[in-house]
Amino acid sequence: MAERDPKPVRYRARRTPVTWVRGGGLAALIFLLPMLFVFGAFSWYPIVRTAIMALQHTNLVQPATWVGLDNFRTVLHDPLLPTAVKNTAVFAGLALVFGYPIPLVAAVLMSEVRRLRGVFSALAYLPVVIPPVVAVLLWKTFYNGDATGVFNTILGWIHLGPYPWLQSQGTALPSLVLESTWANAGGTVIIYLAALTGVNSELYEAASVDGASIWRKVWHITLPQLRGVLLLTMILQIIGTAQVFLEPYLFTSGGPANATVTVLLMIYNYAFGNSLGGDYGSATALSLMLAAFLAIFSLAYLRATRSWSTR
Amino acid sequence: MKSTRMAKTASAVILAGVLAACVSAVSSAATGSTKVVTISVASLIPGSTPAAKAQFDSQVKEFEKVNPSIKVTPVEYQWLGSTFAAKLAAGTLPTVFEVPFTDARTLGDNGQLADLTANVKKLPYFAKYNPAVIAEGTTSKGKIVALPKGAYAQALHYNRKLFAAAGLDPNKPPTTWAQLRSYAKQITDKTGKAGYAEMAKGDNTGGWILTTLVYSLGGRMESGTGAKAKATLDNPQTLAGLNLLKQMRWTDNSMGANFDYGWSDINQAFAAGNVGMYINGSDVYTNLVSASNIDPSIYGIAPIPLAKNAKNAGVLGGGTLVAVRPDANAASRAAAVKWIDFFYERPLVDKAQAVRNAQTLVAGKQPVGVPALPVFNKAQYDLANSWIKPYINVPQSQMKPFNTGIFKQKLIPEPAVSTQSVYHALDPVVQAVLTDKNANITQLLQDANSSAQAAISQGK
Amino acid sequence: MIRRSRRSVSTGHALISPADWRRPGVRWGLGGAQVLLLVGLVVIGLGPLLWLAKSAITPTLDTLSHPMALFPHGAAWNNLREAWTNVHVGRYFWNTVALAIGSWLSQIVIATTAGFALSVLRPKYAAVINALLLTTLFVPAVVLLVPLYIEIVHPPFIHHSFIDSYWAIWLPAGASAFNVVVVKRFFDNLPREIFEAARIDGAGPFRLFVAVVLPMSRPILGVVSVFAVLASWKDFLWPLLVLTNPDRQPLSVRLPNIQSQTELGVFLAALLIASLVPIIGFLVFQRSFLRGTGLGGALKG
């Protein structure tokens with residue numbers, strides 16, 4: 001990451017408090033203060049607090065009590081946990097299937113467009129600028145399960161459906177992924193496009209001179225040159241979708257029959273879902289478990305792909 | 001002659017002025033000082049019509065005129081099982097807010113509601129409350145933490161226009177579940193609309209409506225009381241009820257295409273004419289007008305059909321209580337109880353206030369005469385209804401089936417222990433039956449029962 | 001990492017050489033694929049928005065019974081007026097803007113000051129802070145949710161809840177390790193000679209920051225700004241938790257709350273109004289949006 005360490009700007013050698021101030025020590029501290037305050041209060045302290053709360057029983061009403069690993073036990077014994085983990089994994093997996101190859105193909109095609117390139121990018125990116133809540137609420141209308149729903153009307157033209165979309169345990173989760181892909185794929189396209197412009201054109205020219213076909217060029221030059229970005233967007237997307245909340249919360253509240261309950265929705269429900277008071281201990285315990293899993297997964301992923309990405 | 005009349009008039013005017021002065025002097029003396037107390041109060045649910053909001057605001061103005069030392073800020077409010085805890089924890093509830101019968105006692109025991117005992121006992125009509133109703137707002141230590149807003153019995157609401165369109169008599173709503181099922185099918189077959197729809201959102205409403213159905217078949221969700229209560233979600237009547245739903249959904253296909261209705265959604269869908277019949281509290285007409293602007297002519301209400309041969313069959317009854325934030329100081333508490341007295345209680349017991357309230361509602365085009373249940377006693381309820389008779393603007397003839405039938409039904413309170421958790425455990429069962437043709441009902445009920453039992457033992 | 005070379009590379013049609021283009025198979029096949037792609041993008045990217053625009057001015061009943069028909073019973077402009085006056089979309093829109101501006105400002109201030117201190121001034125303890133920053137980069141946001149919420153409700157030392165205060169959104173938004181790291185790396189790559197020259201000219205650290213470093217860091221500030229504004233528009237769960245007063249809520253929190261009580265036509269009009277401004281903003285600043293996103297993606301590597 002820090003491949004080179006440029007020399008800091010030093011104003012004077014420092015020895016005493018006075019020279020420390022004169023030497024820019026005070027200035028550095030002043031420049032760091034906003035960051036130290038905000039990160040201390042809203043990042044580092046809450047992280048420590050999570051670890052503490054996961055070992056406590058607290059609902060903000062009665063004083064907190066230490067309960068050891070009880071919260072972890074409660075969570076692990078919750079019959080909903082396997083469902084939530086499975087749904088989250090399916091969501092992340094489907095999101096990869098939908099949202100990973102399509103933007104790549106689109107980006108490769110777009111990078112070779114000779115005219116109207118801006119129009120292509122703008123169209124691809126448009127869904128990304130729609131506020132996500134608006135997108136979900138709009139798609140909720142599209143997914144209306146009646147024969148007169150938007151999607152069912154369109155599919156009715158080719159004599160398909162009507163499909164229940166969100167109203168069936170089988171189709172609810174894929175419907176969520178579909179909307180989420182629509183809303184997010186544009187960003188991925190643009191990232192790939194930017195990376196594609198970085199591919200050294202000399203490589204292509206050399207290959208063309210050797211008489212390589214387009215497919216061979218894509219396979220042997222484009223993809224290997226993009227692999228850093230490809231690997232990174234994949235892990236970032238997995239980490240993102242493992243924390244999916246907006247879609248299940250707004251589309252289905254986890255239904256029907258828990259078919260779209262995700263880990264994050266479970267955390268939310270522990271903390272805020274019971275009208276008699278929250279179970280913050282279980283909520284933090286589950287979020288720690290999710291974080292630990294993601295950390296281990298990312299490390300394993302980086303390990304496994306390191307040889308390939310730096311070859 | 002003339003002069004004496006003038007003198008009389010003048011003296012009357014003066015007298016009135018003096019009286020008014022006295023009254024205001026008394027009232028400001030009563031509050032001790034001219035210091036203004038500001039309280040925030042729950043008003044209407046989000047998305048209510050401007051007319052409903054204007055009506056509420058005029059109630060507030062009226063109150064502030066009588067109580068010049070209290071300033072009232074209306075805050076839109078809707079109790080939802082899924083969001084209440086966060087608001088409670090965050091301390092963002094208004095000073096005066098509403099909770100369902102099911103929750104007040106536990107919240108009071110946890111110290112999350114203000115103790116109103118001293119203020120409430122001074123109310124002139126306090127002794128007249130139905131003891132069962134006041135008990136809902138009394139903690140295990142005997143402190144009163146909430147007063148009743150109203151009580152309801154679950155009822156069957158139906159669309160008279162769809163009934164007629166399907167060739168059914170709008171004046172003869174179904175009286176058995178078998179009839180209800182065949183009517184629903186007929187409505188769907190003839191009109192293409194959902195014959196019968198049901199709330200099934202994962203915010204406890206699905207369990208609430210299923211419990212209503214199970215009560216009407218004679219089943220119960222719990223036995224025993226306190227931490228020793230036993231969950232009995234997997235009773236034979238629940239099984240029968242779910243099988244009925246399964247047939248209506250999959251054999252008759254008479255339940256429409258939406259199986260994730262919450263409380264507000266289904267009201268909206270009904271008011272829009274897309275639902276033939278559905279179950280909700282008997283007092284929901286108020287909301288159908290204030291939030292969804294329903295066409296009154298389509299509205300019909302009937303009692304829930306009760307199984308004839310089941311000894312325990314009854315109608316689920318519940319209600320709403322009004323409570324005060326626990327951190328309200330003595331002055332705000334007193335002001336809050338004054339508002340509760342003015343807005344919620346007086347219209348039920350005090351003729352002048354009842355009439356004034358009805359006039360405001362009528363002026364704001366809001367319904368007067370919505371079917372509810374007595375929070376004092378039947379006689380008082382009838383008396384209060386007779387005061388407002390001239391102002392009733394709801395289609396009373398269309399409410400006749402309910403108003404004549406309800407007092408013959410046995411009223412059964414909601415499950416007493418961990419109510420919301422019991423409902424929450426039932427939500428996925430209802431959803432499964434409505435969205436999966438091959439749902440294993442027995443297995444689902446067993447799972448629901450064990451999670452409800454766990455919640456009961458943990459006191460959640 | 002920013003690869004300098006990237007800027008010098010022409011963004012030409014390198015994969016497919018002019019010779020390739022001359023081959024009819026390539027021309028027709030690829031051209032056809034591109035046309036298909038354009039059609040697909042129009043349908044997928046623009047279609048839903050066009051439908052929204054149409055339905056926002058269509059009577060609810062028509063939308064419900066014939067969602068794809070074009071104005072079978074005329075237009076209902078009233079929907080838009082009602083969304084504006086009764087649903088008060090305008091108010092929630094401005095709340096959203098206020099939240100975005102505050103979050104943006106907080107992120108920019110924190111990222112630049114901290115980046116400057118850590119890269120240019122570099123006190124001895126900078127390594128420690130850097131390590132702490134990188135750690136937070138690996139902690140998923142969900143871990144912070146509950147403790148942060150409780151901290152906002154019952155802040156330590158201050159007996160005043162920050163629920164319903166915009167500071168509860170603005171300040172935590174500033175704690176973005178990604179921003180600080182990205183800006184610091186950009187500063188690392190600035191030529192030191194300029195700083196030396198400024199120092200010899202007698203510029204103190206504050207002048208160095210304001211007069212030299214900030215003007216040179218426009219590109220990276222653009223990237224951070226795009227991400228800050230987009231993230232703020234997208235945020236839902238956090239404002240849902242900490243902004244409970246409807247008058248203070250942004251569109252993202254308000255719209256779901258009123259959906260079930262609002263007539264579909266009016267609701268869709270509200271959705272349209274809520275998306276119009278970001279769309280217009282995007283069309284106007286299209287270049288910086290796309291460059292920011294692309295550059296940001298590259299920077300993450």
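What counts, and at which threshold
- All chains use their own residue numbering, which begins from 1 and follows the written sequence.
- Note on labels: chains are lettered from A, ligands numbered from 1, in written order.
- Since the coordinates come from a predicted model, pLDDT governs what is reported: local features require at least 70, and pairs of side-chain atoms require 80 or more to be given and counted, while whole-chain, interface and lining totals use all residues.
- Helix and strand definitions follow DSSP, with helices as H or I runs of at least four residues and strands as E runs of at least two, each counted in order from the N terminus.
- With the radius of gyration taken over C-alpha atoms, the globule rule is written as 2.2 Å times the number of residues to the power 0.38.
- Here the C-beta atoms are placed from the backbone, and a residue counts as buried if at least 20 other C-beta atoms lie within 10 Å of its own, exposed if 12 or fewer do, and partly exposed otherwise.
- What counts as a contact is two residues whose backbone-derived C-beta atoms lie within 7 Å of each other.
- Amino acid classes used here: Ala, Val, Leu, Ile, Met, Phe, Trp, Tyr, Cys and Pro are nonpolar; Asp, Glu, Lys and Arg are charged; the rest, including Gly, are polar.
- By convention the nonpolar core is taken to be a set of buried residues drawn from Ala, Val, Leu, Ile, Met, Phe, Trp, Tyr and Cys and joined through C-beta atoms within 7 Å.
- Any two strands with at least two DSSP bridges between them are considered paired.
- Note that the domain bounds reflect an automated or database-derived domain assignment.
- For every residue, the predictor reports its confidence as pLDDT, a number between 0 and 100.
- Here the axes come from fitting lines to C-alpha atoms, over the contacting stretch only for helices, and the angles between their N-to-C directions go from 0 to 180 degrees.
- Crossing handedness is defined as follows: a turn of the near helix away from the far one that is anticlockwise and smaller than a right angle gives a left-handed crossing, while the clockwise case is right-handed.
- For classification purposes, angles smaller than 35 degrees are called roughly parallel, those larger than 145 roughly antiparallel, those between 65 and 115 roughly perpendicular, and all remaining angles oblique.
- Here the expected span of a helix is defined as 1.5 Å times the quantity of residues minus one.
- Picture the helix axis, draw a direction to every C-beta atom, and the arc is the one those directions span.

## Some points on the overall build of chain C
Alright, step 1. A tally of regular secondary structure across chain C gives 17 helices and zero strands.
Alright, step 2. Taken against the 2.2 N^0.38 rule, which gives 19 Å for 301 residues, the C-alpha radius of gyration of chain C at 25 Å runs more than 25% over that of a compact globule.
Alright, step 3. Overall, the C-alpha framework of chain C stretches about 75 × 75 × 35 Å when taken along its three principal axes.
Alright, step 4. Going through the 301 residues of chain C one by one, you find that 44% of them count as buried.
Alright, step 5. Considering only contacts in chain C between residues 6 or more positions apart, those separated by 24 or more positions represent 72%.

## Re the overall build of chain B
Alright, step 1. On a plain count of helices and strands, chain B comes out with 18 helices and eleven strands.
Alright, step 2. For chain B, whose C-alpha radius of gyration is 24 Å, the value lies close to the compact-globule estimate of 23 Å for 460 residues.
Alright, step 3. For chain B, buried positions account for 53% of its 460 residues.
Alright, step 4. Within chain B, counting contacts between residues at least 6 apart in sequence, those at least 24 apart form 79% of the total.

## Re the interface of chain C and chain A
Alright, step 1. Every contact between the two is made by 93 residues of chain C and, on the other side, 90 residues of chain A.
Alright, step 2. Take the side of chain C that touches chain A: its biggest share by element is 15 residues, from helix α3 (residues 24-56) of chain C.
Alright, step 3. Residue composition of the side of chain C that touches chain A, grouped by class: 64 nonpolar, 19 polar and ten charged.

## Quick look at the nonpolar core
Alright, step 1. In terms of nonpolar packing, the biggest core is built from 291 residues, with A:I267, B:V96, B:A323, B:W339, C:A270 and C:L271 touching the most fellow members.
Alright, step 2. Tallying contributions element by element places helix α9 (residues 172-197) of chain A first for this core, with 15 residues.

## Thoughts on the pairing of strand β3 (residues 96-100) of chain B
All names here are of chain B.
Alright, step 1. Counted residue by residue, β3 has five buried out of five residues, so it is predominantly covered.
Alright, step 2. Neither face of β3 is exposed, since V96, E98 and P100 on one face and F97 and V99 on the opposite face are all buried.
Alright, step 3. Strand direction decides the pairing type here: β3 and strand β10 (residues 315-324), joined by five bridges, are antiparallel. Among the inter-strand pairings, F97 is bridged to a residue of β10, identified as A323.

## Re the domain arrangement of chain B
Residue and element names in this part refer to chain B.
Alright, step 1. Domain annotation for chain B reports domain 1 (36-151 + 318-387) and domain 2 (155-316 + 407-458).
Alright, step 2. Spacing between the C-alpha centres of domain 1 and domain 2 amounts to 28 Å.
Alright, step 3. Each partner contributes residues to the interface: domain 1 has 19 residues there, and domain 2 has 15 residues.
Alright, step 4. Grouping the amino acids of the side of domain 1 that touches domain 2 by side-chain chemistry returns nine nonpolar, nine polar and one charged.

## Some thoughts on the confidence of the model for chain C
Residue and element names in this part refer to chain C.
Alright, step 1. When pLDDT is averaged across chain C, the result is 85; 93% of the residues are at 70 or more.
Alright, step 2. When mean pLDDT is taken per element in chain C, helix α9 (residues 167-174) scores highest with 94 and helix α1 (residues 5-8) scores lowest with 38.
Alright, step 3. Confidence over residues 1-13 falls short of pLDDT 50; this stretch has 14 contacts with residues more than four positions distant or in other chains.
Alright, step 4. For this predicted complex, the interface confidence comes out at an ipTM of 0.85, alongside a pTM of 0.86.

## Some thoughts on the interface of chain B and chain A
Alright, step 1. Every contact between the two is made by 28 residues of chain B and, on the other side, 24 residues of chain A.
Alright, step 2. Looking at the side of chain B that touches chain A element by element, the count peaks at five residues for helix α17 (residues 419-435) of chain B.
Alright, step 3. Split by residue class, the side of chain B that touches chain A holds nine nonpolar, twelve polar and seven charged.

## Looking at the environment of C:I279
Residues and elements named next belong to chain C.
Alright, step 1. Topologically, I279 is positioned in helix α16 (residues 264-284).
Alright, step 2. With 14 C-beta atoms packed within 10 Å, I279 lands in the partly exposed category.
Alright, step 3. Taking C-alpha positions, I279 is 18 Å from L99, a pair spaced 180 residues apart along the chain.

## A word on helix α11 (residues 263-271) of chain B
All names here are of chain B.
Alright, step 1. For α11, the buried fraction is high: eight of the nine residues fall into the buried class.
Alright, step 2. On its buried side, α11 packs onto β4 (146-159), β5 (194-197), α9 (205-216), β8 (275-281) and α12 (285-290).
Alright, step 3. Phi turns positive one or two residues past the end of α11, at G273, with a value near 85 degrees.

## Here we look at the packing of helix α7 (residues 132-142) of chain A against α16(C)
Alright, step 1. Interhelical geometry of α7(A) versus α16(C) gives an angle of 145 degrees and a closest axis separation of 10 Å. The handedness of the crossing between α7(A) and α16(C) is left-handed. Together, A:V134, A:L137 and A:L138 of α7(A) and C:L271, C:A274 and C:S275 of α16(C) make up the contact between the two elements.
Alright, step 2. Among the residues making up the contact of α7(A) with α16(C), the classes are represented as five nonpolar, one polar and no charged.

## Some remarks on the environment of B:L147
Residues and elements named next belong to chain B.
Alright, step 1. With respect to the helices, strands and loops of the structure, L147 is situated in strand β4.
Alright, step 2. A residue is classified by how many C-beta atoms lie within 10 Å of it, and L147, with 26 of them, is buried.
Alright, step 3. Sequence separation of L147 and N312 is 165 residues, and the distance between their C-alpha atoms is 29 Å.

## Details of the domain arrangement of chain C
Alright, step 1. Examined at the domain level, chain C breaks down into domain 1 (16-83) and domain 2 (90-261).
Alright, step 2. Put simply, the middle of domain 1 of chain C and the middle of domain 2 of chain C, counted by C-alpha atoms, are 37 Å apart.

## Observations regarding the pairing of strand β2 (residues 70-75) of chain B
Alright, step 1. Pairing of strand β1 (residues 37-42) of chain B with β2(B), which is carried by six bridges, proceeds in the parallel orientation. In the strand pairing of β2(B), B:T38 is matched with B:K71.

## Remarks on the confidence of the model for chain B
Alright, step 1. The predicted model of chain B has a mean per-residue pLDDT of 88, with 93% of residues at 70 or higher.
Alright, step 2. Low pLDDT (under 50) marks residues 1-32 of chain B, which in the prediction has four contacts with non-local residues, meaning those over four places away or in another chain.

## Focus on unusual backbone geometry
Alright, step 1. With omega at -15 degrees, the peptide bond leading from A:G255 into A:P256 counts as cis.
Alright, step 2. With respect to the helices and strands, the residue A:P256 is situated in the loop between α12 (246-252) and α13 (263-272).
Alright, step 3. The phi torsion at C:H88 lies on the positive side, around 55 degrees, for a residue other than glycine.
Alright, step 4. Tracing the chain through its elements places C:H88 in the loop between α5 (78-85) and α6 (89-121).
Alright, step 5. Judged by C-beta crowding, with 15 C-beta atoms within 10 Å, C:H88 ranks as partly exposed.

## Brief notes about the packing of helix α4 (residues 80-99) of chain A against helix α11 (residues 214-241) of chain A
All names here are of chain A.
Alright, step 1. In the contact formed by α4 and α11, the axes pass within 9 Å of each other and the chain directions differ by 140 degrees. Of the possible angle classes, the one that applies to α4 and α11 is oblique. Judged by the sense of rotation from one axis to the other, the crossing of α4 with α11 is right-handed. Contact with α4, carried on its side by F91, A92, A95, L96 and G99, involves Q237, I238 and T241 of α11 and no other residues of that element.
Alright, step 2. Its residues assigned to classes, the contact of α4 with α11 shows five nonpolar, three polar and no charged.

## Observations concerning helix α12 (residues 205-216) of chain C
Each turn of an α-helix holds 3.6 residues, which means side chains three or four residues apart point in the same direction.
Alright, step 1. Counted at 1.5 Å a residue, the expected span for α12(C) with its twelve residues is 16 Å, and the 15 Å between its end C-alpha atoms agrees.
Alright, step 2. Those residues of α12(C) that fall on the buried side of the exposure criterion are C:P205, C:L208 and C:V213. All buried residues of α12(C) project into a common sector of 50 degrees when viewed along the axis, lining one side. Turned more than 90 degrees off the buried face of α12(C), the exposed positions are C:F206, C:V210, C:A211 and C:P215.
Alright, step 3. Buried residues along α12(C) sit against α2 (25-53) of chain A together with α6, α10 (177-188) and α11 (192-200) of chain C.

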